[in-house]
Amino acid sequence: MFLVGLTGGIATGKSSVAAIFNEFGIPVIDADQIARKVVEPGKPAWHKIRKEFGPEVFLDTNELDRVKLGDMIFNDVEKRKKLNAITHPHIYKEIYWQTFKYFLQGHQFVVMDLPLLFETGHMLNYLHKIIVVTCEEDLQLQRLMERTGFTEAKAKIRIAAQMSLEKKANMANFVIENSGSVRDTREQTIKVIKVLKASKYHWKLRFLVGFCCTVLLAGVYWLKNRSLRSLLFAA
């Protein structure tokens, strides 16, 4: 099984592309969904955030107020580092666990929806291919404002805080331009899916894993027999 990274800019339409992969029976590991899951009330990260940032970043329901926390850490690098130090270990632990489960299920590849893939760089060395979803800048701004209710000024600041779409596209294996119709985006995505499904790379990885497991089992068998012989001779 090989790993495919799916990324882009905020409000470029990664979720729409991810949904098409799901339609074709391809697992998608959504980092944003996992990030929400690990900060649910009562979870270890929830307790740590409450201790570090105080009750003011929580709603009356005890759920994390993501908007308020986002505003708090956006212009404060140190607070952002503290939050990442709390949440990232739990997020990546869940990502690795989900990946392992899909590997055992025999999937050819898994798509990882990672909004800040290039910004963090954490998963880059594990990915076989990278897909970047882009769109026109004015459309991205409009989508973000409609989705979040941000003012134009605030939306522009959030977009500018991420790596530019042009730079991300230059580092991608596939680029899906999501400024047109739903049909156009779907056709682009299906073309990428066909290329990925035609890849034989997963067989190389399975052979390597199988070889390592065989060597490991042979070593255990040899050590077991050696210990048994030693006990017999000692007797």
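These numbers were taken from a predicted model, which means no experiment stands behind them.

A.B. asks: Quick question: what am I supposed to make of the overall build of the chain here?
C.D. replies: The helix and strand tally for the chain stands at 11 helices and five strands. Sorting the 235 residues of the chain into buried and exposed places 37% on the buried side. Partitioning the contacts of the chain with sequence separation of at least 6, the portion at a separation of at least 24 is 73%. Accessible surface, the chain as shown: approximately 14400 Å² in total, 58% of it carbon and sulfur.

A.B. asks: What is the right way to read the side chain of D113 from this model?
C.D. replies: Here D113 is to be found in strand β3 (residues 109-113). Despite being buried, D113 has no salt bridge partner; K14 is the closest side chain of opposite charge, sitting 5.1 Å away. Excluding anything up to four places from it in sequence, D113 contacts L6, K14, A18, V28, I29, D30 and A31.

A.B. asks: Quick question: what am I supposed to make of helix α4 (residues 66-74) here?
C.D. replies: Owing to its 3.6 residues per turn, the α-helix aligns residues three or four sequence positions apart on the same side. Looking only at α4, the buried set comprises L69, G70 and I73. On an axial view of α4, the arc spanned by its buried residues comes to 105°, and they lie on one face.

A.B. asks: Teacher, can you tell me more about helix α1 (residues 14-23) here?
C.D. replies: Those residues of α1 that sit buried are K14, V17, A18, I20 and F21. Down the axis of α1, the smallest arc covering the buried residues is 155°, so these residues share one side. Structural note: α1 exposes S15 and E23 on the side pointing more than 90 degrees away from its buried face. Of the surrounding secondary structure, the elements contacted by the buried residues of α1 are β1 (2-8), β2 (28-30), β3, β4 (129-134), β5 (174-177) and α10 (182-197).

A.B. asks: Would you take a moment to explain unusual backbone geometry for this structure?
C.D. replies: Negative phi is the rule for most residues except glycine; trans is the rule for most peptide bonds. We note that A11 has phi near 65°; this positive angle belongs to a residue other than glycine. Structurally, A11 can be placed in the loop between β1 and α1. Positive phi, normally seen in glycine, also occurs at N62, with a value near 75°. Inspection of the secondary structure puts N62 in the loop between α3 (44-53) and α4.

A.B. asks: Can you walk me through the sheet that holds β2 in this structure?
C.D. replies: Pairing between the strands of a sheet is mediated by backbone hydrogen bonds and can be parallel or antiparallel. Overall, parallel pairing links the five strands, which are arranged β2-β3-β1-β4-β5 in an open sheet. Since the sheet does not close on itself, it has two edges, and those belong to β2 and β5, each with one partner. Taken over all neighbouring pairs, the strand axes of this sheet differ in orientation by 20° on average, direction set aside. Across four bridges, β4 lies against β5 in parallel orientation. Looking across to β5, one finds that T134 is bridged to E177. Lying on the sheet, α1 is in contact with β1, β2, β3, β4 and β5; it crosses β1 at an angle near 150°.

A.B. asks: How do you make sense of a negative patch on the surface when you look at a structure like this?
C.D. replies: A contiguous patch of negative charge, built from E136, E137, D138, E166, E177 and D184, is present on the exposed surface. For E177, the position within the fold is in strand β5. Judged by relative accessible area, E177 falls into the partly exposed class, the value being 31%.

A.B. asks: Just checking my understanding: could you explain the side chain of S199 for this structure?
C.D. replies: Within the fold, S199 resides in the loop between α10 and α11 (201-234). Setting aside anything within four residues of it in sequence, one finds S199 in contact with F2, Q108 and H128.

A.B. asks: I would appreciate a short explanation of the packing of α4 against helix α5 (residues 77-104) in the present structure.
C.D. replies: Packed helices, taken two at a time, are described by their axes: the angle between them and the distance between them. The N-to-C vectors of α4 and α5 enclose an angle of 125°; their axes lie 7 Å apart at closest approach. Looking at the two axes, α4 sits oblique to α5. The segment α4 lies against α5, with L69, M72, I73 and F74 engaging K79, R80 and L83. For the contact of α4 with α5, the residue count by class is five nonpolar, no polar and two charged.

Quick notes on the rules
- Residues numbered from 1 in each chain as written.
- Predicted model: local features only at pLDDT ≥ 70, side-chain atom pairs only at ≥ 80, totals over all residues.
- Heavy atoms only, no water.
- Helix = DSSP H or I, 4+ residues; strand = E, 2+ residues; numbered from the N terminus.
- Buried < 20%, exposed > 50% of the residue type's maximum accessible area, 1.4 Å probe, protein only.
- Contact = heavy atoms within 4.5 Å.
- Areas by Shrake-Rupley, 256 points an atom, 1.4 Å probe, with all protein chains shown as cover.
- Lys, Arg positive; Asp, Glu negative; His and termini not counted.
- Salt bridge = Lys/Arg side-chain N within 4 Å of Asp/Glu carboxyl O.
- Arc of directions from axis to C-beta.
- Pairing = 2+ DSSP bridges.
- Axes fitted to C-alpha atoms, helices over the stretch in contact; angles between N-to-C directions.
- Patch = residues over 30% accessible without salt bridge, like charges linked within 9 Å, V, L, I, M, F, W, Y side chains within 5 Å.
- Charge placed at Lys NZ, Arg CZ, Asp CG, Glu CD.
- Parallel < 35°, antiparallel > 145°, perpendicular 65-115°, else oblique.
- Nonpolar A, V, L, I, M, F, W, Y, C, P; charged D, E, K, R; others polar.

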